[in-house]
Amino acid sequence: MAHRHRVRDIADQSGLSQATVDRVLHHRAGVSPRATRAVHRAIADLDRQAGQLVLTGRSLVADLVMAAPERFTTLVRSAFESESAMLRPALVRLRYDLEASIEPERLAHRLERLARRGSDGVLLKAPDVPVVAQAVDAVLAAGIPVFTLVTDLPTTARHAYVGVDDTSAGATAAYLLDLALGASPGDVLVPLSGAAFLGEERRAAGFVQELARVRPGAAVVRIEGSDGLDATMRDRAGVELAAHPGLSAVYSPGGANRGMLAAFAQADRAVRGFVAHDLDADNVALLRAGRLTAVLHHDLRRDARSALRGLLQVKGLLPGRPVSVSSPIVVVTPHNLPV
């Protein structure tokens, strides 16, 4: 396996022992397929980051840990790699633990293992449940800074939250759907990838409060636990559409919008308004096709920059202290898509 990296660096990037990495590199027996894949990913990560970053001054290693679909983790990963390439006065190399769906107990175990292994910082998107919060506190107790991304863990002593004002985002979605529905009646389907993700809950709460003000007769039907996966969303949305004939609009705080649209198509039901979040590849294509009314977009690179600068502040490499600052929301329609 051709590469230009030290075994120690590959082991550090992959989370494996140096002995395991050496066995993979030399094609020795007794290596699991999972370990082989982890070594290949680690080398690819190191190659990509070496091409983007110029090593100046101190070097840090931070862990990006996310429970989210690949369409979103791809955006976040790209944002952090772009911003880390321009960061000064230290290099921040990123390790990745990204899964579309993971049980909170397994996620907590990984965080606890990370606390034992060591890290210069954790950038985390995770559900707000006690077992995860306890694991985050273990990471903090090990002296590792934690920054929450997109969805917060307010009961922990994390250093800062980086993301949008979710309540305001939900209210904005209600305003837009009210305009889209106009004088016609219509109930709204609100799918969440998981009720334990506080950001989505706050978006839904802001939406419900504002919709009740502007359209007091409209009903809101929630779907929970799709994990943001299209197949799951299609099936669960189909059940709700059969049970609620008045559903004609969607506010999607958590994604899986292709699955939602497939459910409407299977039910032969028109979608008269659909507001989603994030300019991932799916949403860009759906906007261009005119299948979404609007996407609430925020600058993930700005979030990444805030988190990385906060990490350097905690490490004493930049002045000041990290603070939680909400990212502004931009309303993107089929007519103002970024090039």
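Refer to the structure printed above.
This report concerns the structure included in the present document. Because the structure is predicted, anything quoted here is derived from the model rather than measured. (Residues numbered from 1 in each chain as written. Predicted model: local features only at pLDDT ≥ 70, side-chain atom pairs only at ≥ 80, totals over all residues. Heavy atoms only, no water.)

## With respect to the side chain of Asn 257
On the secondary structure map, Asn 257 appears in helix H10 (residues 257-266). Since its relative accessible area comes to 5%, Asn 257 is described here as buried. A polar contact is formed between the side chain of Asn 257 and the side chain of Asn 283, at a distance of 2.8 Å. Residues in contact with Asn 257, not counting those within four places in the same chain, are Asp 230, Ser 252, Phe 274, Ala 276, Asn 283 and Leu 286. (Helix = DSSP H or I, 4+ residues; strand = E, 2+ residues; numbered from the N terminus. Buried < 20%, exposed > 50% of the residue type's maximum accessible area, 1.4 Å probe, protein only. Polar contact = N/O pair within 3.5 Å; in protein donor to acceptor, adjacent residues only side chain to side chain. Contact = heavy atoms within 4.5 Å.)

## Focus on the sheet that holds strand S7 (residues 220-223)
Ordered in space as S7-S6-S8-S9-S10-S12, the 6 strands form an open sheet in which the pairing is mixed. What marks the edges here is a single partner per strand, and that holds for S7 and strand S12 (330-332). On average, each strand axis in the sheet is tilted by 25° relative to the strand beside it, whichever way the strands run. In this sheet, strand S8 (residues 247-252) lies alongside strand S6 (residues 187-191) in parallel orientation, the contact comprising 3 bridges. Directly across from Asp 187, in S8, lies its bridge partner Leu 247. Each of S6, S8, strand S9 (273-277), strand S10 (294-297) and S12 is contacted by helix H7 (residues 166-181), which is oriented at about 150° to S8, the strand it contacts most. (Pairing = 2+ DSSP bridges. Axes fitted to C-alpha atoms, helices over the stretch in contact; angles between N-to-C directions.)

## Topic: a positive patch on the surface
A cluster of basic residues, Arg 34, Arg 37, Arg 41, Arg 113 and Arg 116, forms a positive patch on the protein surface. Of all the elements in the fold, those that place two or more residues in the positive patch are helix H3 (33-52) and helix H5 (104-117). A per-element tally of the positive patch places H3 first, with 3 residues. Looking at where Arg 116 falls in the secondary structure, it is placed in helix H5. On the basis of relative accessible area, Arg 116 is assigned to the exposed category, the value being 60%. (Patch = residues over 30% accessible without salt bridge, like charges linked within 9 Å, V, L, I, M, F, W, Y side chains within 5 Å. Areas by Shrake-Rupley, 256 points an atom, 1.4 Å probe, with all protein chains shown as cover. Salt bridge = Lys/Arg side-chain N within 4 Å of Asp/Glu carboxyl O. Lys, Arg positive; Asp, Glu negative; His and termini not counted. Charge placed at Lys NZ, Arg CZ, Asp CG, Glu CD.)

## Considering unusual backbone geometry
The step from Arg 88 to Pro 89 runs through a cis peptide bond, and the omega angle for that step is 15°. Mapped onto the elements of the fold, Pro 89 is located in the loop between helix H4 (70-84) and strand S2 (91-99). Look at Val 150: it is not a glycine, yet its phi comes out positive at around 70°. In this structure, Val 150 sits in the loop between strand S4 (146-149) and strand S5 (160-164). A relative accessible area of 12% means that Val 150 is categorised as buried. Backbone geometry at Ala 256 places phi at a positive 65°, although glycine is not the residue there. As for its placement among the helices and strands, Ala 256 is situated in the loop between S8 and H10.

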